[in-house]
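Spelled out from the first residue to the last, the chains are:
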Protein chains: 2
Amino acid sequence: MASDLRSFFTHLYCSVCRAEHAIDEAQGVCRACGAALLAGYDLDLARRNLRPSSFEGRVGTMWRYRELLPVLDPGAIVTLGEGWTPLIRLKPGGVAAGMSSLYIKDEGCNPTGSFKARGLSAAVSKARELGIGEVCIPSAGNAGGALAAYATAAGISAHVFLPEDTPRINIQEVRLFGVDLHLVDGLISDAAKAMNERRGPAGWFDMSTMKEPYRLEGKKTMGYELAEQFGWSLPDVIVYPTGGGTGLIGMWKAFDELEKLGWVEGRKPRMVSVQMAGCAPVVKAFEARAPKSEFWEGAATVASGLRVPRAFADHLILQALYESGGCAVAVSDEAALRAMRNAARSDGVLLCPEGAAALAALPVLTESGFLSGGETVVVFNTGIAYKYAEILERSSEGSN
Amino acid sequence: MASDLRSFFTHLYCSVCRAEHAIDEAQGVCRACGAALLAGYDLDLARRNLRPSSFEGRVGTMWRYRELLPVLDPGAIVTLGEGWTPLIRLKPGGVAAGMSSLYIKDEGCNPTGSFKARGLSAAVSKARELGIGEVCIPSAGNAGGALAAYATAAGISAHVFLPEDTPRINIQEVRLFGVDLHLVDGLISDAAKAMNERRGPAGWFDMSTMKEPYRLEGKKTMGYELAEQFGWSLPDVIVYPTGGGTGLIGMWKAFDELEKLGWVEGRKPRMVSVQMAGCAPVVKAFEARAPKSEFWEGAATVASGLRVPRAFADHLILQALYESGGCAVAVSDEAALRAMRNAARSDGVLLCPEGAAALAALPVLTESGFLSGGETVVVFNTGIAYKYAEILERSSEGSN
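One numbering rule holds for all chains: residues counted from 1, following each sequence as written. Just so you know, chain letters begin at A and ligand numbers begin at 1, following the order they were written in. Residue-level local features of this predicted model are given only where pLDDT is at least 70; pairs of side-chain atoms are given and counted only at 80 or more, and the full residue set underlies all totals for whole chains, interfaces and linings. Calculated side-chain values reflect all of the structure's heavy atoms, with hydrogen atoms and water omitted.

With that settled, the discussion passes to the overall build of chain A. Secondary structure elements are taken from DSSP: a helix is a run of H or I of four residues or more, a strand is a run of E of two residues or more, and numbering for both begins at the N terminus. A count of helices and strands for chain A gives 13 helices and 13 strands. With the radius of gyration taken over C-alpha atoms, the globule rule is written as 2.2 Å times the number of residues to the power 0.38. Rg of the C-alpha trace for chain A: 20 Å, near the compact-globule value of 21 Å for 400 residues, within the 12% margin. Contact definition: two residues touch when any of their heavy atoms are within 4.5 Å. At a minimum sequence separation of 6, the contacts of chain A that also span at least 24 residues come to 70%.

Okay, here's the thing in structure tokens:
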């Protein structure tokens, strides 16, 4: 019964032109059209060899789904305990929002304190398997910290480019991991520009969101976990704070795989992107029913992880919203800070600004009639609040 | 097969005089002699109804061991996703320490970012079951935050007493949870004094370490998890940063229960207490082979969680060290900060100062011959580094 089979990963294909790419060498974006590549699996074979109960009693990390992840050599896996994060029911918070089944998926309980750990555990593991020795990333903060941690654990050199006004603790952790750090005047898009000027000559492998195919595979495990945590069923709605959008795209891919595997039935969740009023390119595009977004000028918000003026794979984010019957909404900084305070005071749950923004979208979604009170809703808290000391301070002052 | 049995909890007994206490009402310390109370279970019945495989496929929190926890009404459980934390193998870090099987149990991946969540999830759940409406705690920081979170989630009023020089973020989170906060000039022992002046007249229930019987039960789940994560065997040595010592006492209790349940065999782990040179009452007592410790005057260390001049249940800590063939060692602040930097740079792992102190004890333990290189060693990282921004700053500067 194929007990030695470790992964059903078989191919890479372009998300736009469908061109296939070899899996035994390093791949970035599509060599034909420049779009994001996606990993494909032999799901028929997986279906014959696995069932939901196969995962019981396995390691409490995202690597419990190793057959549906792209690493072929288990010895290449770089793990710091990522994934298998708590799903917490908000009882008073649900009542306040008029929702009877409201959950927080708490990604703050990840190494380096954010959901970025999943993507970078997968991508760095695969980079190690492929013999890549030097990687680089532009980041709003958390992805840089996660890459620094996983690259260090893998013995791979890393170069991290952050906006110079990134929260102090994100800068400290990158320094502490001892990797090469560059602080750039501007936004994550400027950090990317500075990185790209150096990357080619230096031969660094680009770990930017959706510019290599494997961070997405790590992120998709959030979708597998939701299925397993809900007893192999899926919630009605997923509310997701959207910067680069890899998590949302990844979960939508996971739900498609789960359907093909025959492990879940019925309608897939409606996906909701939440952005900040001060940086809402996906919301703007969604409202215009556009296939892509436009660069958001003058991006500014307290939710540093959502200060992404344009996501590289915006077409895949929008596609997931349209296909799922979802939507996109923007909330104000003030609404996010209020939601942070309310969740702490009503349910004892600390959210990061991005997770708080997602929670703050609920009244908008119920008022518009998008959400009804009896639906099962999962709000993603993408990181740990303690990485946002300045905002905690503001928020805790507001509460007294 | 007793599928409706939720807990095998049967009795409370005094850790010193063995006097039994009723379990259907609120209990603090022993009414006869004032010592700590311990929870007892019908382990024979548990053994007939459970086996190690019973836990597979269960919720990824410490409540997977609910039959061995003291809450009788599952509806009383207050959970924010605590426990079932990662066990991370330190490869380069192990090589550097001369250890082939070195692990970090990463308790930073808990709600409120510390191992305190376990104890307070158990104690607050039991308080809710018993109808207790108002609780109080003195804390060096993390326990206060955890109590604030769980009490809020339970709808119980909480009063938290912290030293006024507690790290800023610990103060912020208590404020954000909206509970009653008192900042006290002095150490945790002074915070306890200030609390005790108010507690009696106000009728608050005391949640101090080991002064009620159930925080210990939550903490003991660290021992059950180690057994399950190691495939129902136990490591040779556990290295534990020791302030109030509940985790160490709890694990030693868990190992005893696991032995009686017949789920583990062979010699139980040798327990090692690590304290700071600036506050080492347990080390001093251990070196004198004393049954109890003395109050440590002028306690001072960067590891705020270890600034505990005397643990209430010091006799149980020392008993676990003596019975297990363990020991107690003190390390300097500098050694702890160096260990923090080394773990980040070699293994991509961020430790809190207390966890770093425990790691810093390894060279002392190998040089003394206590540890040999082939043994399986687990070092506890009790909290998330991001709650220690000032120390991260110092440590990251030291690394450049």
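Further remarks concern the nonpolar core. Note on terminology: a nonpolar core comprises buried Ala, Val, Leu, Ile, Met, Phe, Trp, Tyr and Cys residues joined through side-chain atoms within 4.5 Å. Only protein chains enter the area calculation, which uses a 1.4 Å probe; residues under 20% of their type maximum are buried, those over 50% are exposed, and those in between are partly exposed. Grouped together as the largest cluster of nonpolar side chains are 264 residues, with contacts concentrated most on Val239(A) and Val239(B). Not counting chain neighbours up to four residues away, the residues in contact with Val239(A) comprise Val272(A), Val274(A), Ala358(A), Ala361(A), Leu362(A), Leu365(A), Val377(A), Val378(A), Val379(A) and Phe380(A).

Our next topic: the sheet that holds strand β7 (residues 157–163) of chain B. If DSSP finds at least two bridges between two strands, the strands pair. Read across the open sheet, the four strands follow the order β8-β7-β6-β9 (chain B); overall the sheet is parallel. With one partner strand each, in any of the chains shown, β8 (180–184) and β9 (205–206) of chain B form the two edges of the open sheet.

A side chain of one charge can pair with a side chain of the opposite charge when the charged atoms of the two come close. For this analysis, a salt bridge means a side-chain nitrogen from Lys or Arg found within 4 Å of a carboxyl oxygen belonging to Asp or Glu. Taken as a whole and judged by the stated rule, the model has 44 salt bridges over all chains. In this structure, Glu107(B) and Arg118(B) form a salt bridge, with 2.6 Å as the shortest nitrogen-oxygen distance. Note that Glu107(B) is positioned in the loop between β5 (101–106) and α3 (116–129) and Arg118(B) in helix α3, a separation of eleven residues in sequence. On the basis of relative accessible area, Glu107(B) is assigned to the buried category, the value being 0%. Given a relative accessible area of 0%, Arg118(B) falls into the buried group. The residue Asp256(B) makes a salt bridge to Lys260(B) at a minimum N-O spacing of 2.8 Å. A residue pair is termed a helical-turn pair when its members lie 3 or 4 positions apart in one helix, as Asp256(B) and Lys260(B) do in helix α8 (residues 246–261) at four residues. The partly exposed category is assigned to Lys260(B), whose relative accessible area is 47%. Among the ionic contacts, a cluster of salt bridges with common partners joins Lys105(A), Glu107(A), Arg118(A) and Glu225(A).

Residues with a pLDDT of 70 or more make up 98% of chain A, whose mean pLDDT is 95. Predicted complex, confidence summary: ipTM 0.94, pTM 0.95. The score called pLDDT rates the predictor's confidence residue by residue, from a low of 0 to a high of 100.

Moving on, we come to the relation of the copies chain B and chain A. The least-squares superposition of copies is restricted to C-alpha atoms, and to residues with a pLDDT of at least 70 in both copies. Turning chain B through 180 degrees and shifting it by 0.0 Å along the axis lays it on chain A, with an RMSD of 0.0 Å. These values place the two chain copies in the arrangement generated by a two-fold rotation axis. Considering only C-alpha atoms, the part of chain B nearest the rotation axis is Cys109(B), at 2.3 Å. Comparing interface residues between copies, 100% of those in chain B also sit at the interface in chain A, which points to an isologous, same-surface contact.

This next bit is on the interface of chain B and chain A. Contact residues are listed per partner, giving 43 residues for chain B and 43 residues for chain A. Here's the idea: put two parts together, see how much 1.4 Å probe accessible area each one loses, and the total over both is what we call buried area. Carbon and sulfur atoms make up 63% of the area that chain B and chain A hide from each other, which totals about 3600 Å². Summed over the three residues of chain B that lose the most area to chain A, namely Gln172(B), Leu176(B) and Tyr386(B), the buried surface amounts to 20% of that side. In this structure, the connection of chain B to chain A is made through two salt bridges. A salt bridge links Glu393(B) to Arg168(A), with the shortest nitrogen-to-oxygen separation between them at 2.7 Å.

As a further point, take helix α5 (residues 168–176) of chain A. A large share of α5(A) lies buried, amounting to seven of its nine residues. Burial in α5(A) covers these residues: Ile169(A), Asn170(A), Ile171(A), Gln172(A), Glu173(A), Val174(A) and Leu176(A).

Here we take up unusual backbone geometry. Residues and elements named next belong to chain B. Of note, the phi angle at tryptophan 232 is positive, near 60 degrees, even though the residue is not glycine. Mapping tryptophan 232 onto the fold places it in the loop between α7 (215–229) and β10 (237–241). Not every positive phi belongs to a glycine, and arginine 289 is a case in point at roughly 50 degrees. As for its placement among the helices and strands, arginine 289 is situated in the loop between α9 (281–287) and α10 (314–324). Given the relative accessible area of 55%, arginine 289 is considered exposed.

This paragraph deals with the pairing of strand β10 (residues 237–241) of chain A. Residues and elements named next belong to chain A. Within β10, five of the five residues are buried, which leaves it mostly tucked inside the rest of the structure. Alternating residues of β10 divide into Val237, Val239 and Pro241 and Ile238 and Tyr240, and every residue in both groups is buried. Examined bridge by bridge, β10 and strand β11 (residues 270–276) share five bridges and lie parallel to one another. What sits directly across from tyrosine 240, in β11, is serine 273. Handedness of the crossover joining β10 and β11 through helix α8 (residues 246–261): right-handed. Sheet analysis places β10 next to strand β13 (residues 376–381), joined by three bridges and oriented parallel. Within the sheet, the bridge partner assigned to isoleucine 238 lies in β13 and is valine 378. Handedness of a crossover: with both strands directed away from the viewer, a clockwise path from the first strand across the helix to the second marks it as right-handed.

This part is about the pairing of strand β1 (residues 9–14) of chain A. Residues and elements named next belong to chain A. Pairing analysis gives five bridges linking β1 to strand β3 (residues 37–41), with the strands arranged antiparallel. Of the residues in β3, the one forming a bridge with tyrosine 13 is leucine 38. Sheet topology note: the β1/strand β2 (residues 20–21) ladder contains two bridges and is antiparallel. Among the inter-strand pairings, leucine 12 is bridged to a residue of β2, identified as histidine 21. Between β1 and the antiparallel strand that follows it, β2, lie five residues; arginine 18 among them carries a positive phi value of about 70 degrees.

With that settled, the discussion passes to the packing of aromatic side chains. Centres within 6.5 Å are what make two rings of Phe, Tyr or Trp a pair, Trp counting through its six-membered ring; a difference in plane orientation under 30 degrees is then read as stacked, over 60 as edge-to-face, and the rest as tilted. Per the counting criterion, the structure on display carries 24 aromatic pairs over all chains. An angle of 50 degrees between the planes, with centres 5.6 Å apart, marks the rings of Phe9(B) and Tyr41(B) as tilted. Here Phe9(B), found in strand β1 (residues 9–14), pairs with Tyr41(B), found in strand β3 (residues 37–41); they are 32 residues apart in sequence, far enough to count as distant. Residue class for Phe9(B) comes out buried when judged on its relative accessible area of 5%. Aromatic pair Phe286(B) and Tyr322(B): ring centres 5.6 Å apart, planes at 15 degrees, arrangement stacked. Separated by 36 residues along the polypeptide, Phe286(B) in helix α9 and Tyr322(B) in helix α10 bring together distant segments of the chain. Its relative accessible area of 7% is what places Phe286(B) among the buried residues. For Tyr322(B), a relative accessible area of 29% corresponds to the partly exposed category. Put simply, the rings of Phe55(A), Tyr65(A), Tyr224(A), Trp232(A) and Trp263(A) pair up and form one aromatic cluster. Stacked on the ring of Phe370(A), the Lys or Arg Arg270(A) has its end atom at 4.6 Å from the ring centre. In this scheme, Lys NZ or Arg CZ marks a charge over a ring once it lies within 6 Å of the ring centre and within 35 degrees of the ring normal. Geometry around Tyr65(B) places Arg64(B) over its ring, the cationic atom sitting 5.9 Å from the centre.

As for its position among the elements, Pro86(A) is in the loop between α1 (43–49) and β4 (87–89). On the basis of relative accessibility, which here comes to 9%, the residue Pro86(A) falls in the buried class. Sequence separation between Pro86(A) and Glu225(A) is 139 residues, and the spatial gap between their C-alpha atoms is 9.6 Å. Apart from residues lying up to four places away in sequence, Pro86(A) is in contact with Ile104(A), Lys105(A), Asp106(A), Cys109(A), Gln229(A), Leu80(B) and Gly81(B).

Here the focus is the sheet that holds strand β8 (residues 180–184) of chain A. Residues and elements named next belong to chain A. The strand order β8-β7-β6-β9 describes an open sheet built from four strands, whose pairing is parallel. At either end of the open sheet lies a strand with only one pairing partner, and these are β8 and β9 (205–206). Pairing of strand β7 (residues 157–163) with β8 involves five bridges; the strand directions are parallel. Looking at β8, one finds that histidine 159 is bridged to aspartate 180.

Moving on, we get to α10(B). Residue and element names in this part refer to chain B. Among the eleven residues that make up α10, eight are buried, leaving the element largely enclosed by the rest of the structure. Listing the buried residues of α10 in full gives Asp314, His315, Leu316, Ile317, Leu318, Ala320, Leu321 and Ser324. Tucked into the core, α10 has its buried residues touching β3, α8, β11 (270–276), α9 and β12 (327–331). Two residues or fewer past α10, glycine 325 is found with a positive phi of approximately 75 degrees.

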